[in-house]
Amino acid sequence: MRCRGSVSIAFVAVALAITGWAPAALGQDADLPRTPDGRPDLQGVWNFSTITPLERPEELADQAFLTTEEAAAFEQETAAGRVDAPPPPGCPGGYNQFWFDPGTEVVGDRRTSLIVDPPDGRLPALRPGVAQGEMVPDDGSVVAPPEARPVRFRAGGVGYDGPEDRGLAERCILGFNTGPPMLPSGFYNDYMQLFQGPDHVAILNEMVHDVRIVPLDGRAQLADGVRQWMGSSRGHWEGDTLVVTSTNFSDRTAGFNTSVISGVGTGEGLQLVERFTRVDADTLLYEFTVDDPATYTRPFTVAVPMIRTDAPIFEYACHEGNYGLLNILRGARAEEREAAEAGQP
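This section reports on the structure supplied with the text. Only a predicted model underlies this, so the values are computations on that prediction, with no experimental measurement involved.

### Structural notes on the overall build of the protein
On a plain count of helices and strands, the protein comes out with two helices and 13 strands. Taking all 345 residues of the protein together, the buried fraction comes to 47%. Summarising the internal contacts of the protein: among those between residues at least 6 apart in sequence, 62% fall at separations of at least 24. Accessible surface for the protein amounts to roughly 16500 Å². Of this, 53% is attributable to carbon and sulfur atoms.

### Description of the state of the cysteines
What the rule picks out here adds up to one disulfide. Here cysteine 172 engages in a disulfide with cysteine 318; their sulfurs sit 1.9 Å apart. Where cysteine 172 bonds to cysteine 318 through sulfur, the torsion about that S-S bond is close to -95°, and the disulfide is left-handed. Highlighted residues: cysteine 172 in the loop between β3 (132–134) and β4 (191–196) and cysteine 318 in the loop between β13 (300–309) and α2 (323–341), separated in sequence by 146 residues. For cysteine 172, a relative accessible area of 22% puts it in the partly exposed group. The exposure class assigned to cysteine 318 is buried, which follows from its relative accessible area of 9%.

### Concerning the sheet that holds strand β10 (residues 262–264)
Read from one edge of the open sheet, three strands run β3-β10-β9, paired in antiparallel fashion. Edge positions in the sheet fall to β3 and β9 (256–259), since each has one partner strand and no second. Sheet twist, expressed as the average angle between the axes of neighbouring strands with direction ignored, equals 20°. Here β9 pairs with β10 via two bridges, running antiparallel.

### Remarks on the pattern of salt bridges
Tallied over the full model, the rule gives 13 salt bridges. Between arginine 298 and aspartate 117 there is a salt bridge; the shortest N-O distance is 2.4 Å. Separated by 181 residues along the polypeptide, arginine 298 in the loop between β12 (283–291) and β13 and aspartate 117 in strand β2 (residues 115–117) bring together distant segments of the chain. Judged by relative accessible area, which is 27%, aspartate 117 ranks as partly exposed. As a salt-bridge pair, glutamate 287 and arginine 275 come within 3.7 Å of each other at their nearest N and O atoms. Taken together, the residues span a long stretch of sequence, with glutamate 287 in strand β12 and arginine 275 in strand β11 (residues 271–280) at a distance of 12 residues. Ionic contacts of the salt-bridge type, sharing partners, join the residues Glu55, Glu58 and Arg122 into one network.

### Quick notes on unusual backbone geometry
Here the residue pair glycine 179 and proline 180 is connected by a cis peptide bond, since its omega of 5° sits within 30 degrees of zero. Turning to its location among the elements, proline 180 is positioned in the loop between β3 and β4. A cis geometry characterises the amide bond from proline 180 onward to proline 181, with omega recorded as 5°. Within the secondary structure, proline 181 is located in the loop between β3 and β4. Positive phi outside glycine occurs at alanine 61, with the angle close to 45°. Relative to the helices and strands, alanine 61 resides in the loop between β1 (44–47) and α1 (68–80). Owing to a relative accessible area of 44%, alanine 61 belongs among the partly exposed residues under this scheme. Phi at histidine 209 takes a positive value of approximately 40°, unusual for a residue other than glycine. In this structure, histidine 209 sits in the loop between β5 (200–205) and β6 (211–215). Using a relative accessible area of 47% as the deciding quantity, one classes histidine 209 as partly exposed.

### Details of the environment of proline 102
The topology assignment puts proline 102 in the loop between α1 and β2. Distance from proline 102 to glycine 186, taken between C-alpha atoms, is 4.4 Å for residues 84 residues apart in sequence. Not counting chain neighbours up to four residues away, the residues in contact with proline 102 comprise Ser49, Thr50, Ile51, Arg82, Gly186 and Phe187.

### Let's talk about the side chain of serine 113
Mapped onto the elements of the fold, serine 113 is located in the loop between α1 and β2. For serine 113, a relative accessible area of 2% translates into the label buried. Once residues lying within four places of it in the same chain are set aside, the contact partners of serine 113 are Thr52, Pro53, Leu54, Glu55, Arg56 and Gly121.

### Some points on the side chain of serine 233
Mapped onto the fold, serine 233 is located in strand β7 (residues 232–238). Side chain to side chain, serine 233 and arginine 212 meet in a polar contact 3.3 Å long. A polar contact is formed between the side chain of serine 233 and the side chain of serine 246, at a distance of 2.6 Å. Among all residues touching serine 233, those that are not within four sequence positions of it are Arg212, Val214, Pro215, Gln221, Val244, Thr245 and Ser246.

Parameters and conventions
- Residues numbered from 1 in each chain as written.
- Predicted model: local features only at pLDDT ≥ 70, side-chain atom pairs only at ≥ 80, totals over all residues.
- Heavy atoms only, no water.
- Helix = DSSP H or I, 4+ residues; strand = E, 2+ residues; numbered from the N terminus.
- Buried < 20%, exposed > 50% of the residue type's maximum accessible area, 1.4 Å probe, protein only.
- Contact = heavy atoms within 4.5 Å.
- Areas by Shrake-Rupley, 256 points an atom, 1.4 Å probe, with all protein chains shown as cover.
- Disulfide = S-S within 2.5 Å.
- Pairing = 2+ DSSP bridges.
- Axes fitted to C-alpha atoms, helices over the stretch in contact; angles between N-to-C directions.
- Salt bridge = Lys/Arg side-chain N within 4 Å of Asp/Glu carboxyl O.
- Polar contact = N/O pair within 3.5 Å; in protein donor to acceptor, adjacent residues only side chain to side chain.

Structure, rendered in structure tokens:
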């Protein structure tokens, strides 16, 4: 895969209304660039990396914003922790820091979480009995429950019997930051390019080069029996905000990926509403609401400022022939042979 080196990007402050989240609270630039049909021009390459976490850390409790000093200290602490260390004995190691581009700064208004609703900045409670999938440690100390198969999260896997046991990103089906919804990965390739016409928009994610073609012509949603990895999207304008509603997700994806190595529920009943608002020449506010009543006790909303960049979108070759997945399974077979020769189960 093609990864980017670290890039420091100064995030532009985005005003947040504490009692609500609406485009009117953004203080949009009256001189925004517009397309020939009068719509705000959302086109360009946008970077959505940030070190602001999805959920507010528990130790911050009701603190919705960091002070300037706290934000600077957090950024310095994060940078200081990004150092290369030798892998543990017997492990070949992975990428060194050169290949990561997880962002270097908190979001411009210094929010303590990307979640803006609920007000506590935390994910809502799960419904009882909701299926959860998590990555299995290399030592095999965790055995995934049957409901974790097929894999419903992005990276890692639940076993090594076959490719179906590995994560969707590991199988190059979906990237672990592309969504929808799109979320900073904490790793790399947090870039999106948006193309815009009067009747359609196209959303191109750098990771796994997935493209969503979103009709704006009022057509009906797909029949319920038609299910897709990235769902089926329909868009419309609400003032200067592009609103995209997606349904028809596959039950082989999570209702929501709480991280790249964990997911909850299935996408079967998910309704996702994304909002794209150009705040100024260099900032595209991306917010989304997850409404999955079978998984969560209430909907929740996340807001991520995306920053315009002149950097190109690179080809994402994923496994470059899928040798990575092949070697994962070969390694598992080799370990099984060694165990059998040693008389171990």
